[in-house]
Protein chains: 2
Amino acid sequence: MLALWLEDRSLRIRDDVPRPSPPPGEALVRVRMAGICNTDLELVKGYYPFTGIPGHEFVGHVEAAPGHDGWVGRRVVGEINAACHTCATCRAGRPTHCERRTVLGIAGRQGAFAEYLTLPVENLHEVPPGLSHEAATFVEPTAAALEIQRQAPIQATDQVVVIGDGKLGQLVAQTLALTGCALTVVGHHAAKLALLSARGIATAHAEALAPRSSDLVVECTGNADGLALALRLVRPRGTVVLKSTYAGNTTLDVSALVVDEVTLLGSRCGPFAPAIDLLVRGLVAPLALVSARYPLVQGLDAFAHAARRGATKVLLVNGPL
Amino acid sequence: MLALWLEDRSLRIRDDVPRPSPPPGEALVRVRMAGICNTDLELVKGYYPFTGIPGHEFVGHVEAAPGHDGWVGRRVVGEINAACHTCATCRAGRPTHCERRTVLGIAGRQGAFAEYLTLPVENLHEVPPGLSHEAATFVEPTAAALEIQRQAPIQATDQVVVIGDGKLGQLVAQTLALTGCALTVVGHHAAKLALLSARGIATAHAEALAPRSSDLVVECTGNADGLALALRLVRPRGTVVLKSTYAGNTTLDVSALVVDEVTLLGSRCGPFAPAIDLLVRGLVAPLALVSARYPLVQGLDAFAHAARRGATKVLLVNGPL
């Protein structure tokens, strides 16, 4: 089958990758559309040593699910962590942190930038008919945005700043706006800031914000400067949520964290069901975030486009554009 | 009056410091005993630009309290943050983080390594007769240890590691042990580890602990290596509490925090009333942590002793030893 293949920090198109065969408990999914995430761009830069097919945001149709035939023909999205359900972490109720997990297109499991993928049936969520392929590819990152609220409950009285106006920052802002909090997004790109303004979300340059005054700051820039700014903006006893993964270390003044009793919170994958619900109800509206669509065979062009300054979501399509 | 004086990272004894005069709302306290904390040692190293009398752990007698005569003659300890009660942070219920605060012996307020200090009356707590001067000097750091439980409630089912067997680590361990959690202290000093063993608290070398398996890790070493170890030991979705302030930055792999959804929690001053209660009831027993007592006039020797490898608490005494 056709697939994008990452090896030694180099990406190429292959047409000779064997179509996967679902092991027991898993489904074979024909990928219809997949989104390029910053994590994919970071994988290519070497953030994590992955060899194989990247891609973890997708929508597709189940073509086979041995022993779970009811799934065949359904349109699905899928949670990306495949857990063992027997290790101590799984049994403690944290399967997304399973120590033996594989992660779609990120760790130990071939991903979605291909004609087919396999995932455990338990990871699948059916996509309601009202949701387009395009919108459905945003279920995974919308779920990741909702993880923030699972970890740090937000109130309408909170002053919240999102740093980063990119595709993740936009989804985070859209989900946080639903809480009624006083929300401001910090960004640099006029076109991206305009997308937020069009939804009634306030935007600002960093210099315009009062330091040490935000209850919660979400770092979505994908670089170390974002954390430094977040720590400038957060109030004493406030919370900084870290959403972006990137290669390399950053420096931190630990004493400032201690003196101000700030909480730093790492945040990753989130709940799919409420993400689907928000997208179906139109409360999260992702389509304006699509920069471009490419057929899978032009995957290298798609990655180059996604890496361009100012780009938002780039989609890879199997079949007619 | 006699006082220890810090200026340009250099400490000296002065006998010409004017005795302070309490402004309205404050009390004049004759210091009986004061403890040297690692923060004091870090102040001398330049962790924070403070000029004047250091020292923030003390017990003393109120000699004057204009308008609050009921306090005169009482033996007291004192909370170290003097708040304005009018700024937004104070009005939001976080007076220990008041943006205009002064902090005894740390920021904008002369400290306890002197014959006298002044503090707002509202900061004072009377010391019950059953508590010795020595034990009373431990109220402030015991309160700081209790701040951990205020920020991160701990259950008897939790696996908890304290990194650092120094004076703060010992108090933190004693307070955490009261929760019934499965507690282990990591340290290097045989004599200090023996103090913990004598109280039935398990100790271990870092290499003996399973990585990624502790629910909560408290960093009390006062150096950057402690944070790195804490991040190795904490489980996914676990919490690392940072208790120690020290000069300089440390490096951090932000992506690891994100992927493991770890919480980093800065933690500083805590509640005095329960600290006094635990000391009175003997549930926290600090006296074995006293390495030495020096008269105030030998304050430089006392600091040298406190900085020595293996030293625990060094006390400065006004009056007969």
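Residues numbered from 1 in each chain as written. Chains lettered and ligands numbered in written order. Predicted model: local features only at pLDDT ≥ 70, side-chain atom pairs only at ≥ 80, totals over all residues. Heavy atoms only, no water.

1. Section: the overall build of chain A
Part 1: Along chain A, the regular secondary structure elements total 10 helices and 19 strands.
Part 2: Rg of the C-alpha trace for chain A: 19 Å, near the compact-globule value of 20 Å for 321 residues, within the 12% margin.
Part 3: Taken along its principal axes, the extent of the C-alpha atoms in chain A is 55 × 45 × 40 Å.
Part 4: Considering chain A as a whole, with its 321 residues, one finds that 61% of them fall into the buried category.
Part 5: About 12200 Å² of surface is accessible on chain A, with carbon and sulfur atoms providing 52% of the total.
Part 6: Here chain A contributes 29 positively and 29 negatively charged side chains, and the mean placements of these two sets differ by 1 Å. (Helix = DSSP H or I, 4+ residues; strand = E, 2+ residues; numbered from the N terminus. Rg over C-alpha atoms; globule rule 2.2 N^0.38 Å. Buried < 20%, exposed > 50% of the residue type's maximum accessible area, 1.4 Å probe, protein only. Areas by Shrake-Rupley, 256 points an atom, 1.4 Å probe, with all protein chains shown as cover. Lys, Arg positive; Asp, Glu negative; His and termini not counted. Charge placed at Lys NZ, Arg CZ, Asp CG, Glu CD.)

2. A word on unusual backbone geometry
Part 1: Positioned with a positive phi, Arg9 of chain A is a non-glycine residue whose angle comes to about 60°.
Part 2: Residue classification places Arg9 of chain A among the exposed residues on the basis of a relative accessible area of 57%.
Part 3: Positive phi values are uncommon outside glycine, yet Glu261 of chain B reaches one of about 45°.
Part 4: For Glu261 of chain B, the position within the fold is in the loop between α8 (254–259) and β17 (263–266).
Part 5: For Glu261 of chain B, a relative accessible area of 2% translates into the label buried.

3. Some remarks on the confidence of the model for chain A
Part 1: Per-residue confidence for chain A gives a mean pLDDT of 95; residues scoring 70 or more make up 100%.
Part 2: Scored as a complex, the prediction yields pTM 0.92 and ipTM 0.90. (pLDDT = per-residue confidence, 0-100.)

4. Considerations on the relation of the copies chain B and chain A
Part 1: For the match of chain B to chain A, the screw axis carries a shift of 0.0 Å, the RMSD comes to 0.0 Å, and the turn is 180°. Such a combination of rotation and displacement between the chain copies is what one expects of a two-fold axis.
Part 2: Of all interface residues in chain B, 100% are interface residues in chain A too; the two copies therefore contact each other through one and the same surface. (Least-squares fit on C-alpha atoms with pLDDT ≥ 70 in both. Contact = heavy atoms within 4.5 Å.)

5. Looking at the sheet that holds strand β15 (residues 234–242) of chain A
Part 1: The 12 strands lie next to each other as β13(A)-β12(A)-β11(A)-β14(A)-β15(A)-β17(A)-β17(B)-β15(B)-β14(B)-β11(B)-β12(B)-β13(B), forming an open sheet whose pairing is mixed. The two strands at the open ends of the sheet, each matched to only one other strand, are β13 (202–204) of chain A together with β13 (202–204) of chain B. The mean inter-strand angle of the sheet, taken between neighbouring strand axes irrespective of direction, is 20°.
Part 2: The pairing of strand β11 (residues 159–163) of chain A with strand β14 (residues 214–219) of chain A spans four bridges and is classified as parallel. Each bridged residue has a counterpart across the sheet, and for Val160 of chain A the counterpart in β14 of chain A is Leu216 of chain A. (Pairing = 2+ DSSP bridges. Axes fitted to C-alpha atoms, helices over the stretch in contact; angles between N-to-C directions.)

6. Quick look at the environment of Leu233 of chain A
Part 1: Its location among the elements puts Leu233 of chain A in helix α7 (residues 224–233).
Part 2: Discounting chain neighbours no more than four positions away, the residues touching Leu233 of chain A are Val161, Ile163, Leu209, Ala210, Pro211, Arg212, Ser213, Ser214 and Val217 of chain A.

7. What about the pattern of salt bridges?
Residue and element names in this part refer to chain B.
Part 1: For the structure on display, the rule yields 28 salt bridges over all chains.
Part 2: Across the pair Lys313 and Glu57 runs a salt bridge whose closest N-O atoms are separated by 2.7 Å. Placement of the pair is Lys313 in strand β19 (residues 313–317) and Glu57 in strand β4 (residues 57–64), with a sequence separation of 256 residues.
Part 3: Of the residues examined, Glu57 reaches a relative accessible area of 1% and is grouped as buried. (Salt bridge = Lys/Arg side-chain N within 4 Å of Asp/Glu carboxyl O.)

8. Points about the sheet that holds strand β7 (residues 102–104) of chain B
Residue and element names in this part refer to chain B.
Part 1: Spatial ordering of the open sheet is given by β6-β7-β8, a layout of three strands whose pairing is mixed. Sheet topology places β6 (81–82) and β8 (108–109) at the edges, where each strand pairs with a single neighbour.
Part 2: Bridging between β6 and β7 involves two bridges; their strand directions are antiparallel. Its bridge partner being in β7, Ala82 is matched across the sheet by Thr102.

9. Some points on the interface of chain B and chain A
Part 1: Residue-level contacts link 40 residues of chain B with 40 residues of chain A.
Part 2: Taken together, both faces of the contact between chain B and chain A bury some 3500 Å²; the carbon and sulfur share is 50%.
Part 3: Counting across the chain B and chain A interface gives four salt bridges.
Part 4: Between Glu99 of chain B and Arg212 of chain A there is a salt bridge; the shortest N-O distance is 3.1 Å. (Buried area = accessible area lost by both parts, 1.4 Å probe.)

10. Focus on the pairing of strand β1 (residues 3–7) of chain A
The two faces of a sheet get side chains in turn, since along a regular strand they alternate between them.
Residues and elements named next belong to chain A.
Part 1: Counted residue by residue, β1 has four buried out of five residues, so it is predominantly covered.
Part 2: Sheet topology note: the β1/strand β2 (residues 10–14) ladder contains five bridges and is antiparallel. Its bridge partner lying in β2, Leu4 is registered against Ile13.
Part 3: Where β1 folds back onto β2 in an antiparallel hairpin, the turn is made up of two residues, including Asp8, whose phi is positive at roughly 50°.

11. A few points about the state of the cysteines
All names here are of chain A.
Part 1: A complete count under the given rule lists zero disulfides over all chains for this structure.
Part 2: Considering cysteine sulfurs only, Cys220 is the nearest to Cys181, which forms no disulfide, with 13 Å between them.
Part 3: The exposure class assigned to Cys181 is buried, which follows from its relative accessible area of 9%. (Disulfide = S-S within 2.5 Å.)

12. Structural notes on the packing of helix α1 (residues 38–45) of chain B against helix α10 (residues 299–307) of chain B
Residues and elements named next belong to chain B.
Part 1: As a packed pair, α1 and α10 sit with axes 10 Å apart at the nearest point and diverge in direction by 105°. The angle between the axes of α1 and α10 places the two elements in the roughly perpendicular class. Here Asp40, Leu41 and Val44 of α1 come into contact with α10, specifically with Phe303, Ala306 and Ala307.
Part 2: Across the contact of α1 with α10, the residue classes break down as five nonpolar, no polar and one charged. (Parallel < 35°, antiparallel > 145°, perpendicular 65-115°, else oblique. Nonpolar A, V, L, I, M, F, W, Y, C, P; charged D, E, K, R; others polar.)

13. Examining the side chain of Thr89 of chain B
Part 1: As for its position among the elements, Thr89 of chain B is in helix α2 (residues 88–91).
Part 2: If we skip the residues at most four places from it in the chain, Thr89 of chain B touches Arg94, Pro95, His97, Cys98 and Glu99 of chain B.

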